[in-house]
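# Coordinate inspection notes
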Protein chains: 2
Amino acid sequence: MSILVVGSVAYDTVETPFGKAERVLGGSASFFSVAASFFAPVNLVGVVGRDFGETQLAAFTGRNIDTEGLERMDGLTFHWQGKYSYDLNARDTISTDLNVFEFFKPKIPAAYRSSEIVFLGNIDPLLQRDVLDQVESPRLVACDTMNFWISGKLEELKKTLSRVDILLINDAEARELSGEWNIVKAARAIRAMGPKTLVLKKGEHGVLMFSEAGSFAAPAYPLEAVFDPTGAGDTFAGGFLGYLTAAGGSQGGDAALRRAVIMGSTLASFCVEAFSLDRLLTLTRPEIDERFRLFKRLTHFEEL
Amino acid sequence: MSILVVGSVAYDTVETPFGKAERVLGGSASFFSVAASFFAPVNLVGVVGRDFGETQLAAFTGRNIDTEGLERMDGLTFHWQGKYSYDLNARDTISTDLNVFEFFKPKIPAAYRSSEIVFLGNIDPLLQRDVLDQVESPRLVACDTMNFWISGKLEELKKTLSRVDILLINDAEARELSGEWNIVKAARAIRAMGPKTLVLKKGEHGVLMFSEAGSFAAPAYPLEAVFDPTGAGDTFAGGFLGYLTAAGGSQGGDAALRRAVIMGSTLASFCVEAFSLDRLLTLTRPEIDERFRLFKRLTHFEEL
């Protein structure tokens, strides 16, 4: 089973307290694809400009990622520039040059249309539905969004959510989307909009998942050196959905969903250790499995 | 084995988005004692004024709490007044009337001096050492403190910490005490000051423990109705140290420490369901054990 992912492929210029990286590979679909590709084949749909080079492309083509759906338009690639404060929890966007991404209209190649697992990255909810319309019979649809769409296109977003199985957002977005401050009430309200499973990403505070089987809480891995948090959420989503796909999609049940959350957290914990996708690109499956085991050690306790 | 606890016994006037409670029982030693008394006998050392009535005292005397060490001074009982914002994460202190607590000089009754387990509530680090000097040979010393002492009496606090086995503070306090933003580095710096075990309380984001055996992360229980967070940290400490005492003090090793964190979180999750100690006072051991099991269900995942 392969995963269809639609989202941004971008250049990022990032400044953290530890250094600066200029025009490095970024974008939600980039982080997602590389993380997911450790577990399942990925079909990537996105758009880049004429300035997107072979070096960047090599991040995808060297692995289990199909780039037939990565459209090349005349113009420049999406470029985001941001700066993190000393605590790495807050970031300021210095500039967002959408460039060719402004005209992105996802075209799903014929070979991708039979995809059973779909990840809708954070794009206009109308485009997210457009994608779903082009896929023959998705078995499992996961989706990301952001406050920009929650406040600006709520009704469109709700229409999209009615067709989504798993929503992955952060806790602030969940509060805004539901209008509920309490996170348990927020989860119930959002799950009533469509997604049977809600995965709340809380950054350094880990993840809370609400599903038909109940709730599941996972910490973030306590790291001594968090270098650059950019892409951690998308990397989480890639590890999560990649693992779930390898485990048989939605068929794995609650046990697979829980392990998928830990796998997402594992991949994200590597992502933040370096700029861009640098750490993900050198990562090996044994390293992943070892950190997964450390997560077990981190959270395990015996019954009374 | 019984636990000696030294801390505040107070009246709280608390306003939350859900209501207001006037002059109800509060104080770190009150929450701690009631929580710990589910697991082990508690010897309470504190001070109250002539306005402290039998009704309040009944919270202690009806259970496994010895109040010989609860001194009664001529004057009024410590009164704290605070108001929580809608998100319950931030609170404003409206007034702090220390009253008799300003003159608190802990006197440990002879019968308490052989206590093997000691909890030093959040008081002047000089007084915390005074208490330790009056205890014959404590096997396990746990301690709380706050930013007021970290910024105002750092050197005294460090002297106290050199005699402490387990420090329980929140993440902001850990950052201030260590001068390190990164929580793993902060933990290492603090453990070098004396406490072999550091328990970081993160409110709704749970707890991180750093000990000789490594690190352990536990979530807070996701509650639909958080009514009043006052006392949650002290209740956590009471459940934590009470369980640890019942498990044989420090002898229980890493497995007991981990279960103690979950037991603290369990007790704290009940504490916040009502004003003051109201929920703790109706709580039963079967209810505690059932929620402990829910914590297991909340966090459990299978190995790969």
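No experiment lies behind these values; they were computed from the predicted model shown. Sequence order sets the numbering: in each chain, residues are counted from 1 along the sequence as written. To label them, take the chains in the order written and letter them from A, then take the ligands in the order written and number them from 1. Local features in a predicted model are, by the rule used here, given only for residues with pLDDT of at least 70; side-chain atom pairs are given and counted only at 80 or more, and totals for whole chains, interfaces and linings are based on all residues. Working from all heavy atoms in the structure, the side-chain values ignore hydrogens and water.

Take the relation of the copies chain B and chain A next. We place the copies in one frame by least squares, fitting the C-alpha atoms of every residue whose pLDDT is at least 70 in both. Relative to chain A, chain B is turned by 180° and slid 0.0 Å along the rotation axis, the superposed coordinates differing by an RMSD of 0.0 Å. Here the symmetry operator amounts to a two-fold rotation axis. Nearest to the rotation axis, the C-alpha of His205(B) is located 3.0 Å from it, this being the minimum over chain B. Take the interface residues of chain B: 100% of them recur as interface residues in chain A, which is what a same-surface contact looks like. Two residues form a contact once any of their heavy atoms are found within 4.5 Å.

On to unusual backbone geometry, then. For Ser276(A), which is not glycine, the phi torsion reads 50° and is therefore positive. Helix numbers and strand numbers start at the N terminus; a helix is a DSSP run of H or I with at least 4 residues, a strand a run of E with at least 2. When you line up the elements, Ser276(A) lands in the loop between helix H9 (253-271) and helix H10 (278-282).

On to the pattern of salt bridges. All names here are of chain B. Counted as salt bridges are all cases of a side-chain nitrogen of Lys or Arg within 4 Å of a carboxyl oxygen of Asp or Glu. All told, the structure shown has 36 salt bridges over all chains when counted by the stated rule. With a shortest N-O distance of 3.1 Å, Arg23 and Asp51 are connected by a salt bridge. Linking Arg23 in strand E3 (residues 19-26) with Asp51 in the loop between strand E4 (42-48) and helix H2 (54-61), this pair joins segments that are 28 residues apart in sequence. Its relative accessible area of 22% is what places Asp51 among the partly exposed residues. Note on exposure labels: buried denotes an accessible area under 20% of the residue type's maximum, exposed denotes more than 50%, and partly exposed covers the range between, all computed with a 1.4 Å probe on protein chains only.

Another aspect to go through is the packing of aromatic side chains. Side-chain rings of Phe, Tyr and Trp (the six-membered ring for Trp) are treated as a pair once their centres are within 6.5 Å; stacked means planes under 30 degrees apart, edge-to-face means over 60, and tilted covers the remaining angles. Scanning all chains against the criterion turns up 24 aromatic pairs over all chains. The structure contains a cluster of three or more aromatic residues connected by ring pairs, namely Phe18(A), Phe227(A) and Phe275(A).

With that settled, consider the side chain of Arg129(A). Looking at the element boundaries, Arg129(A) is found in helix H3 (residues 125-134). Residues contacting Arg129(A), with those up to four places away along its chain left out, are Glu156(A), Lys159(A), Thr160(A) and Arg163(A).

Let us look at helix H8 (residues 232-246) of chain B. All names here are of chain B. Every helix has an expected span of 1.5 Å times one less than the residues it contains. With 15 residues, H8 extends 21 Å from end C-alpha to end C-alpha; this agrees with the ideal 21 Å at 1.5 Å per step. Counting buried positions along H8 gives 13 out of 15 residues, so the element sits mostly inside the fold. Positive backbone phi, at 105°, marks Gly248, one or two positions downstream of H8.

Grid spacing is 1 Å over the protein atoms alone, the probe is 1.4 Å, and a cavity is where that probe fits but cannot get out, while a pocket is an open set with protein on both sides within 12 Å along at least five of seven lines and lining residues have an atom within 4 Å of a point. Grid points are joined across faces, edges and corners, and a volume is the space filled by probe spheres set on the points. Tallied over the full model, the rule gives one cavity of 30 Å³ or more. The space that makes up the largest cavity amounts to roughly 40 Å³. Along the walls of the largest cavity sit Lys296(A), Thr299(A), His300(A), Phe301(A), Lys296(B), Thr299(B), His300(B) and Phe301(B), which together make up its complete lining. Those elements giving two or more residues to the lining of the largest cavity turn out to be helix H11 (285-299) of chain A together with helix H11 (285-299) of chain B. Here the residues of the lining of the largest cavity sort into two nonpolar, four polar and two charged. Lys, Arg, Asp and Glu make up the charged group, whereas Ala, Val, Leu, Ile, Met, Phe, Trp, Tyr, Cys and Pro make up the nonpolar group; the residues left over, Gly among them, are polar.

The partner chain A presents 43 residues to the 43 residues of chain B that form the contact. Joining two parts hides part of their accessible area as seen by a 1.4 Å probe, and the buried area is that hidden amount summed over both. Of the roughly 3,900 Å² buried where chain B meets chain A, counting both sides, 56% is carbon and sulfur surface. Looking only at chain B, the three residues that lose the most surface to chain A are Glu224(B), Phe301(B) and Leu304(B), adding up to 21% of its buried area. One can count six salt bridges joining chain B with chain A. Between Arg297(A) and Asp254(B) there is a salt bridge whose closest N-O contact spans 3.1 Å. Definition of a polar contact: a pair of N or O atoms within 3.5 Å, with one able to donate and the other able to accept a hydrogen when the atoms are protein atoms, and with sequence-neighbouring residues admitted only if both atoms are side-chain atoms. There are 22 residue pairs in polar contact (both at pLDDT 80 or more) connecting chain B and chain A. Looking at the side of chain B that touches chain A, the elements that each hand over two or more residues are helix H6 (171-178), helix H7 (183-191), strand E14 (214-218), helix H9 (253-271) and H11 of chain B.

Time to look at the packing of helix H3 (residues 125-134) of chain B against helix H5 (residues 154-161) of chain B. All names here are of chain B. Where helices are involved, their axes are fitted lines through C-alpha atoms of the stretch in contact, as for all axes, and angles between N-to-C directions lie from 0 to 180°. Relative orientation of the contacting elements H3 and H5 amounts to 25°, with a least axis distance of 8 Å. If you check the angle between H3 and H5, you find them roughly parallel. Of the two possible hands of crossing, H3 and H5 adopt the one that is left-handed. In this structure, H3 uses Pro125, Leu126, Gln128 and Arg129 to contact H5, whose residues at the interface are Glu156, Leu157, Lys159 and Thr160. A per-class count over the contact of H3 with H5 returns three nonpolar, two polar and three charged. Oblique is the label for any angle not under 35 degrees, not over 145, and not in the 65 to 115 range, which are roughly parallel, roughly antiparallel and roughly perpendicular in turn. Crossing chirality is assigned from the near helix's rotation relative to the far helix, an anticlockwise turn below a right angle marking it left-handed and a clockwise turn marking it right-handed.

Another point: the confidence of the model for chain A. Every residue is assigned a pLDDT by the predictor, reflecting its confidence on a scale from 0 to 100. Taken over all residues, the pLDDT of chain A has a mean of 96, while the share at 70 or more is 99%. Across the interface, the model reports ipTM at 0.95; the global pTM reads 0.96.

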